[in-house]
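This is what each chain is made of:
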Amino acid sequence: MSAAVYGTELSTTQLDFYPYELNLGPYVLTTVAGTNPTTRVYTYSYKLKMDLDIHTTDEAVADPANPKLYMQLENGNGIRLASKSFPLSGDGRLLSGTQTINFDSASDQMESPLTLKIYESISTPYGEARRLLSELKE
């Protein structure tokens, strides 16, 4: 008896995690500069605009808490700049179509190049477990 094992190759277009399939379309990751009018200190945040096609692979009822999509933005050295978690069912879920996601960062300098890592996230009694699905590089 043998069991199928998922490969370790990361996709940049189709992400599979039960019971969902997510197809990534074109995306743009931009830096947004802001300034504090009092101190005149610049701050930088990041905006991701991407086309998504999300659908279920089976007729299954999904819990709004599991699985979730976790996105982490990193600089060229692999240091986390910002992250966000998104449910795939229930209120506040990601939907098919064009999505705009803002990543707030406490960085006082503009970072480049950037890497966006997309994980499947599942809550367990011992904390959150994540599986890397995709890495999008700038």
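Everything that follows concerns the structure shown earlier in this document.
Draft legend 1. How the structure looks around the environment of Ser134. You can see Ser134 is positioned in strand β8 (residues 127–137). Given a relative accessible area of 0%, Ser134 falls into the buried group. Between the C-alpha atoms of Ser134 and Ile118, which are 16 residues apart in sequence, the distance is 5.1 Å.

Draft legend 2. Structural view of the pairing of strand β7 (residues 115–124). In terms of burial, β7 is largely enclosed, as seven of its ten residues are buried. Here strand β4 (residues 68–74) runs beside β7; their pairing, made up of seven bridges, is antiparallel. By the bridge assignment, Met71 is partnered in β7 with Ile118. The sheet contact formed by β7 and β8 spans ten bridges and is antiparallel. Looking across to β8, one finds that Thr115 is bridged to Lys137. Hairpin remark: β7 followed by β8, antiparallel, with two residues in the connecting loop.

So, how was this worked out
Residues numbered from 1 in each chain as written. Predicted model: local features only at pLDDT ≥ 70, side-chain atom pairs only at ≥ 80, totals over all residues. Heavy atoms only, no water. Helix = DSSP H or I, 4+ residues; strand = E, 2+ residues; numbered from the N terminus. Buried < 20%, exposed > 50% of the residue type's maximum accessible area, 1.4 Å probe, protein only. Pairing = 2+ DSSP bridges.

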